[in-house]
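# Structural overview
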Amino acid sequence: MQPVSIFKLTSEHARWLSQRQGVIAENVANANTPGYKASDLSPFEAAAANAQLRLAATQPGHLRPSGHAAREAETAATGGPQSETGNTVDLQSEMLKLGETGSAFALNRAAAKAFHRLALASMRG
Amino acid sequence: MDALAASLRIAATGLYAQGERIRVASENMANANSTGATPGAAPYARRTISFDAAFDDALQATVVRVRGVEADPTAFRLERDPSHPAADAAGMVKTPKIDMLVEMADIREANRSYEANLQVVKRAREMLSLTVDLMRT
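The structure contained in this document is the topic of the report that follows. (Residues numbered from 1 in each chain as written. Chains lettered and ligands numbered in written order. Predicted model: local features only at pLDDT ≥ 70, side-chain atom pairs only at ≥ 80, totals over all residues. Heavy atoms only, no water.)

## Examining the overall build of chain A
Stated formally: Secondary structure elements follow DSSP: runs of H or I of four or more residues count as helices, runs of E of two or more count as strands, with numbering from the N terminus. Partly exposed residues are those whose accessible area sits between 20% and 50% of the maximum for their type, while under 20% is buried and over 50% is exposed, using a 1.4 Å probe and protein chains only. Throughout, a contact is declared for two residues whenever any of their heavy atoms are within 4.5 Å. Computed with a 1.4 Å probe, the accessible areas rest on the Shrake-Rupley method; for each residue, only the protein chains presented here act as cover.
Along the backbone of chain A there are 4 helices and 2 strands. Each helix and strand of chain A, placed in order from N terminus to C terminus, yields the pattern α-β-α-α-β-α. Out of the 125 residues belonging to chain A, those deemed buried represent 38%. Pairs at least 24 apart in sequence give 75% of the contacts found in chain A among residues at least 6 apart. Approximately 7400 Å² of chain A is accessible, and the part contributed by carbon and sulfur atoms is 61%.

## Thoughts on the interface of chain A and chain B
The test is simple: Defined here as a combined quantity, buried area equals the accessible surface (1.4 Å probe) lost by two parts on assembly, summed across both. We define a salt bridge as a contact between a side-chain nitrogen of Lys or Arg and a carboxyl oxygen of Asp or Glu at a distance within 4 Å. Pairs of N or O atoms within 3.5 Å make up the polar contacts considered here, provided that, within protein, one atom can donate a hydrogen while the other can accept it, and that residues adjacent in sequence are counted only when both atoms are side-chain atoms. When residue character is reported, Ala, Val, Leu, Ile, Met, Phe, Trp, Tyr, Cys and Pro are called nonpolar, Asp, Glu, Lys and Arg charged, and the others, Gly included, polar.
Each partner contributes to the interface: chain A provides 27 residues, whereas chain B provides 30 residues. For the pair chain A and chain B, the summed buried surface comes to about 2300 Å²; carbon and sulfur atoms form 68% of the total. The largest contributions to the chain A side of the interface with chain B come from Gln-21, Ala-29 and Asn-32 of chain A, which together make up 23% of the buried area. For the pair chain A and chain B, the number of links is 0 salt bridges. Between the two partners, chain A and chain B, sit 4 residue pairs in polar contact (both at pLDDT 80 or more). For the side of chain A that touches chain B, the element with the highest residue contribution is helix α4 (residues 91-124) of chain A, accounting for 13 residues. Class assignment of the residues belonging to the side of chain A that touches chain B gives a composition of 12 nonpolar, 12 polar and 3 charged.

## Focus: the packing of aromatic side chains
All names here are of chain A. Basically, it comes down to this: Two aromatic rings, drawn from Phe, Tyr or Trp (for Trp, its six-membered ring), form a pair once their centres lie within 6.5 Å of each other, and the interplanar angle then sorts them: stacked below 30 degrees, edge-to-face above 60, tilted otherwise. Remark: a charge is flagged as sitting over a ring if the NZ atom of Lys or the CZ atom of Arg is within 6 Å of the ring centre and within 35 degrees of the ring normal.
Across all of its chains, the model carries 1 aromatic pair over all chains by this definition. With a centroid separation of 5.8 Å and an interplanar angle of 55°, the aromatic rings of Trp-16 and Phe-44 are classed as tilted. A residue pair is termed long-range when its members are at least 10 positions apart, and Trp-16 in helix α1 (residues 6-29) and Phe-44 in helix α2 (residues 44-52) qualify at 28 residues. Like Phe-44, Trp-16 is buried. Over the ring of Phe-105 we find Arg-109; its NZ or CZ atom is 5.3 Å from the centre of that ring.

## So, the nonpolar core
Put simply, the test is: Grouping buried Ala, Val, Leu, Ile, Met, Phe, Trp, Tyr and Cys residues that are joined through side-chain atoms within 4.5 Å yields what is termed a nonpolar core.
Among the nonpolar cores identified, the biggest contains 25 residues, and Val-28 of chain A together with Ile-10, Leu-59 and Val-120 of chain B are the most heavily contacted of them. Going through the elements one at a time, α1 and α4 of chain A together with α1 (3-30), β1 (46-56), β2 (61-72) and α2 (100-133) of chain B are the ones with two or more residues in this core. In terms of residues, this core owes the most to one element, α1 of chain B, which gives 6 residues. The residues touching Ile-10 of chain B, leaving out its near neighbours within four places in the chain, are Gly-22, Ala-25, Glu-26 and Ala-29 of chain A together with Leu-59, Ala-61, Thr-62 and Val-63 of chain B. In this structure, Leu-17 and Leu-41 of chain A together with Leu-4 and Ala-124 of chain B belong to the second largest nonpolar core, which totals 11 residues.

## Notes on the pairing of β2 of chain B
Residues and elements named next belong to chain B. What counts here: Strand pairing requires that DSSP identify at least two bridges connecting the strands.
Where β1 lies against β2, 11 bridges are found, and the strand directions are antiparallel. Directly across from Ser-50, in β2, lies its bridge partner Gly-68. Linkage of β1 to β2, two consecutive antiparallel strands, is achieved through a turn of 4 residues, within which Gln-60 is found at a positive phi near 55°.

## Quick notes on the environment of Arg-47 of chain B
Residue and element names in this part refer to chain B. Secondary-structure assignment places Arg-47 in strand β1. Residues Arg-47 and Arg-108, 61 residues apart in the sequence, show an inter-C-alpha distance of 17 Å. Not counting residues within four places of it along the chain, the set of residues in contact with Arg-47 comprises Val-24, Glu-27, Asn-28, Val-69, Glu-70 and Ala-71. At a separation of 3.2 Å, a polar atom in the side chain of Arg-47 contacts the side chain of Glu-27.

In C-alpha cells form, the structure reads like this:
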C-alpha cells in the first residue's frame with residue numbers, strides 16, 4: 001500500500017510559501033533602494049515534479065536526485081521595468097503575490113486540517 | 001530562522017527606513033524658512049536620505065537600511081530683505097532651497113511604501129496564526 005504522503009506534500013508546500021513570503025518581504029522593504037533588483041522563487045510545481053521523480057539508486061555510481069532545499073531556495077530576478085534609480089520592484093505586483101501566497105497558505109492549512117481529521121477518524125474506527 | 005518570522009523582521013526594517021524618510025522630509029519642510037542669525041550666515045541645509053540593501057546574516061535575507069542623511073550646504077536661494085538680521089552688505093539673505101512640492105511627493109511615496117510593508121506584516125501574522133489554528137480542532 002502506498003503511504004499517505006499528503007502531510008509531507010502540505011508541509012513542503014507550506015515551507016515554499018513561507019520562503020516566498022520572505023522574498024516578497026525583501027522586495028517590499030527594498031522598494032525604494034537604488035539599484036535593488038526584485039526576485040522571486042522558482043514555482044512550487046517544479047519542486048513538486050522533482051520530488052515525484054524517484055530514481056532508484058542500487059549501485060554506488062547511480063545518480064541521486066538533488067534535494068529540495070537547494071531547488072527551493074533558487075531565486076530569479078523578476079520585477080517590472082527599471083526605474084531611473086535602477087530599482088525593479090513593482091509594488092502592485094508584490095501586493096498581488098502577497099495576496100496569492102496568503103490564500104494559497106490558507107488553502108494548504110485547510111487541507112492539512114482536513115486530512116488530519118480524516119486520519120483521526122480512521123483511528124477511532 | 002523561520003521564513004515567516006524573518007519576513008516580519010524584514011518588513012520592520014522597511015517600516016523603520018520609510019519612517020526615517022518621512023522624518024527627514026518633515027525636517028526640511030519645517031525649516032523651509034530657517035535662515036542664519038548673523039549677516040551673511042548660512043541658512044538651514046536641506047537634508048537628503050539614502051537607502052542601501054544589506055544582507056543580514058541572522059535573517060539570511062536582504063534587508064533595507066539607512067545609509068545616511070546628508071546635508072547639502074550649497075543649496076540656498078538669495079532673497080533681498082535689507083531689514084533681516086541675516087542680510088549681508090548688499091541686503092541679500094540666504095534662505096534654504098526647499099521645494100514644498102518635492103518634499104510632499106517624497107512623503108507620499110514614503111507613505112505608500114510604509115503601507116506596503118504593513119501589508120506584509122499583516123499577511124505574515126495571518127499565515128502564522130493559520131498554522132497555530134491547526135492545533136485547534
